[in-house]
Amino acid sequence: MKNNILTLFLVAILASCSSDNSSDIPEDSGTPETPETPDNPDTGGDGGSDTDGKKTLSIESSFDAGTTFWKTNYDTSNRPTEYFDNQDRLVNKYIYEEADTYTPTKKEFYSGSTLISTATYTYDDSKRLTKYVTGTSISNRTFEYSASEIIIRFELLPNDYTKIILDNQDRPLKIEEHVIDGSTDEITDVIDFKYENDNLIQIKKEDISFGLNSYTNDLTFDSKKNPFYNQFKENNINYLLESGFDLETRILQVYSKNNFVTQSLGEISRTFEYDGEDYPTTINTTYKEDNNKVDVEKLVYQN
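Notes on the structure follow. (Residues numbered from 1 in each chain as written. Predicted model: local features only at pLDDT ≥ 70, side-chain atom pairs only at ≥ 80, totals over all residues. Heavy atoms only, no water.)

Ranked by size, the top nonpolar core spans 36 residues in total, and within it F193, L241 and I251 carry the most contacts. Setting aside residues no more than four positions away along its own chain, I251 makes contact with P172, F193, Y195, L200 and L240. In terms of nonpolar packing, the next biggest core, distinct from the first, is built from 10 residues, F69, F272, Y279 and I283 among them. (Core = buried A, V, L, I, M, F, W, Y, C linked by side-chain atoms within 4.5 Å. Buried < 20%, exposed > 50% of the residue type's maximum accessible area, 1.4 Å probe, protein only. Contact = heavy atoms within 4.5 Å.)

Following this line, the structure appears as structure tokens:
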């Protein structure tokens, strides 16, 4: 079966939105998949996060015209707590049952600030994420671990799987999509991640099956501090796996010590305003292929 398992992994949240999570995108709000997509990165802090970066109070993002389309609030342990749309309506809420860890136990989904569904997380004794359940088969997934590999299996396709291969620093080095047909285990897609000077400088995908969706994305960086670098320490992998959407963005955020300035794919460039400690306070992202549209992120840090 030639299903694209990696694509399924990256867009699972989209499907869950339509089935059990319509609150993520109120029809009149223009709100993106906020709970699963930082461009709203979650800076780690105390209480298990143990980051070297700064604690975040809130992150607000707006369209080119200045219309706010999401805002994220954080608690004193620097964990994301609530996401709001452009009409200041609650869209998502994380629930933490243990005070000393970043990882949530539940995520609530709202429509017009009314609770409509809840996703749950299960962890092993080592606090590694083992199961994510939303109630929608396309989104439900499990995680298996070995010394340098993670296997992701979806309820919808239990025999096929996605493999994440880690380097000796526990950073994602390669992602393979495996499709099983009888006794044959075939790799259909591969994404390679290249690091240099503690920054993710290249993301390269090879579409082995069809050759239609291959790409290389080269990135450049400034010399300032990325507040989201290694932000969760022992919980970095959980943060990545919790995302069913925009996985590559999360890898870029967590494993790059500086802030990326340009990327070749889509001709994206970014300019920054920094505080006195060289952390970004405003990020302006320009999409050259989209008539130089500019999105703005404003970061407010805790004292």
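There's plenty left to go through after this.
This part is about the pairing of strand β11 (residues 172-181). As paired elements, strand β10 (residues 157-166) and β11 share 6 bridges and run antiparallel to each other. Residue pairing across strands places K163 opposite E176, the latter belonging to β11. Counted between consecutive antiparallel strands, the loop separating β10 from β11 contains 5 residues, among which D170 sits at a positive phi close to 60 degrees. Pairing geometry for β11 and strand β12 (residues 184-196), over 8 bridges, is antiparallel. (Pairing = 2+ DSSP bridges. Helix = DSSP H or I, 4+ residues; strand = E, 2+ residues; numbered from the N terminus.)

Of the strand pairs in this sheet, strand β1 (residues 56-62) and strand β2 (residues 68-74) are connected by 5 bridges, and their pairing is antiparallel. Bridge pairing in β2 links E60 to K71. Taking the residues between adjacent antiparallel strands as the criterion, β1 and β2 are bridged by 5 residues, where G66 takes a positive phi near 95 degrees. Two elements, β2 and strand β3 (residues 80-84), share 4 bridges in a ladder whose sense is antiparallel. Looking at β3, one finds that N73 is bridged to E82. Where β2 folds back onto β3 in an antiparallel hairpin, the turn is made up of 5 residues, including N78, whose phi is positive at roughly 65 degrees.

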